[in-house]
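Single-letter residue listing:
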Amino acid sequence: MKKADSLKALLLASVPALKADPAKLALFVDKGKVSSVRSNTLAFQLSYTATIWIEAYGGDLDGLFVPILAWIAQNQPELIDRPDGEPFTFESELLDSDTADISIEIELTERVLIERRDDGKLRTRHLDDAAIADVFAGAEQTRLWRAVLDDQVANHNPMPA
């Protein structure tokens, strides 16, 4: 599941507490299902809950939630505009005054296209989701979420390719 791998890589690269101790982060895929797109094609869609588990997190929740929101806007943009206004849910168990175990759940989908290569063999290709364009006053098509992701890179938190 490419989106789950991408989200985990971003968190490890952009959240200082996780970058310093990657063992505190686990990502699970729950409630997964495969849906066929049409009866006359092998294309399909994966739907699953990505459950992020962070153990003994002592950082600022904003420093965790902002990269996740930026990732969602880029990779699963329809979650940003959900009618309930809730792109993800979380739970926390306070361990002491400075740390907590945190669980975050995000409903993800991945569309997968089956293509025939030039040599006749089949391959799969995961399709990108269209991203939301945020516009600021005085700027044309400036993308807030891309800026957040770019800022992670600029601050020596490179995102894996």
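In what follows, the accompanying structure is described. Keep in mind that what you see is a predicted model, and the values were worked out from it rather than measured. (Residues numbered from 1 in each chain as written. Predicted model: local features only at pLDDT ≥ 70, side-chain atom pairs only at ≥ 80, totals over all residues. Heavy atoms only, no water.)

**Topic: the nonpolar core**
Inclusion rule: To define a nonpolar core, start from buried Ala, Val, Leu, Ile, Met, Phe, Trp, Tyr and Cys residues and group those joined through side-chain atoms within 4.5 Å. Categorising residues by exposure relies on relative accessible area from a 1.4 Å probe, with only protein chains included: less than 20% of the type maximum marks a residue as buried, more than 50% marks it as exposed, and the intermediate range marks it as partly exposed. Between two residues, a contact is recorded if the distance between any of their heavy atoms is within 4.5 Å.
L11, I52, I54, L64, I68, I104 and I106 are the most contacted members of the largest nonpolar core, which has 26 residues in total. Contacts of I52, omitting those with residues within four sequence positions, involve L7, L11, L25, A26, L27, I68, I102, S103, I104 and I106.

**Notes on unusual backbone geometry**
This is how the line gets drawn: Elements are defined by DSSP. Helices are runs of H or I of four residues or more, strands are runs of E of two residues or more, and each kind is numbered from the N terminus.
For K31, which is not a glycine, the phi torsion comes out positive at approximately 55°. Taking relative accessible area as the criterion, K31 reaches 63% and is therefore assigned exposed. At A56, a residue that is not glycine, the phi angle is positive and equals roughly 50°. You can see A56 is positioned in strand β2 (residues 44-57).

**Side note on the packing of aromatic side chains**
Under the convention used in this document: Only the six-membered ring of Trp is used, alongside the rings of Phe and Tyr, when aromatic pairs are assigned; centres must lie within 6.5 Å, and planes under 30 degrees apart are stacked while those over 60 apart are edge-to-face, with the rest tilted.
Tallying each qualifying case throughout the model produces two aromatic pairs. For the pair F65 and F88, a centre-to-centre distance of 5.4 Å together with 65° between the ring planes defines the contact as edge-to-face. Here F65, found in helix α3 (residues 61-75), pairs with F88, found in the loop between α3 and β3 (89-94); they are 23 residues apart in sequence, far enough to count as distant. Like F88, F65 is buried. Where F65 meets F90, the ring centres are 5.0 Å apart and the plane angle is 55°; that geometry is what we call tilted. With F65 in helix α3 and F90 in strand β3, the pair connects residues that are 25 residues apart, well separated along the chain. Overall, F65 belongs to the buried group, its relative accessible area being 14%. Given a relative accessible area of 42%, F90 falls into the partly exposed group.

**Digging into helix α1 (residues 2-14)**
Condition: Expected helix span is taken as 1.5 Å per residue step, with the number of steps being one fewer than the number of residues.
In this model α1 runs 18 Å from its N-terminal to its C-terminal C-alpha over 13 residues, within 8% of the 18 Å that 1.5 Å per residue would give. Along α1, the positions that sit buried rather than exposed are K3, A4, L7, L10, L11, A13 and S14.

**Focus: the side chain of T51**
Note the cut-off: We call two N or O atoms a polar contact when they sit within 3.5 Å, provided that within protein one can donate a hydrogen and the other can accept it, with sequence-adjacent residues counted only if both atoms are side-chain atoms.
Along the polypeptide, T51 turns up in strand β2. A polar contact of 2.7 Å, which involves the side chain of T51, links it to the side chain of D30. Residue contacts for T51: discarding those within four places in its chain leaves A26, L27, F28, D30, S103, I104 and E105.

**Notes on the pairing of β2**
For the record, the criterion: Pairs of strands are assigned from DSSP output, requiring at least two bridges between the strands.
Sheet topology note: the strand β1 (residues 25-36)/β2 ladder contains ten bridges and is antiparallel. For L27, the partnering residue across the bridge sits in β2 and is I52. Where β2 and strand β4 (residues 100-116) come together, twelve bridges link them in antiparallel fashion. The residue of β4 that forms the bridge with T51 is E105.

**Quick look at α3**
The first and last C-alpha atoms of α3 sit 21 Å apart over 15 residues, in line with the 21 Å expected at 1.5 Å per residue. Sitting at the amino-terminal end of α3 is D60, which places a side-chain oxygen 3.2 Å from the backbone nitrogen of D62.

**Overview of the packing of α1 against α3**
What counts, and what does not: Interaxial angle, 0 to 180 degrees, is taken between N-to-C directions of lines fitted to C-alpha atoms, where a helix line uses only the stretch in contact. Note on convention: the crossing is left-handed when the near helix lies turned anticlockwise from the far helix by less than a right angle, right-handed when the turn is clockwise. Just so you know the grouping, Ala, Val, Leu, Ile, Met, Phe, Trp, Tyr, Cys and Pro go in nonpolar, Asp, Glu, Lys and Arg go in charged, and all remaining residues, Gly too, go in polar.
Contact pair α1 / α3: the axes reach a minimum separation of 10 Å and the direction vectors enclose 145°. Our pair here, α1 against α3, has a crossing hand that is right-handed. The residues of α3 that touch α1, namely those facing K3, S6, L7, L10, L11 and S14, are L64, P67, I68, W71 and N75. Taken together, the residues of the contact of α1 with α3 sort by class into seven nonpolar, three polar and one charged.

Note that every value here comes from positions in space, so none of it alone points to a role or purpose.
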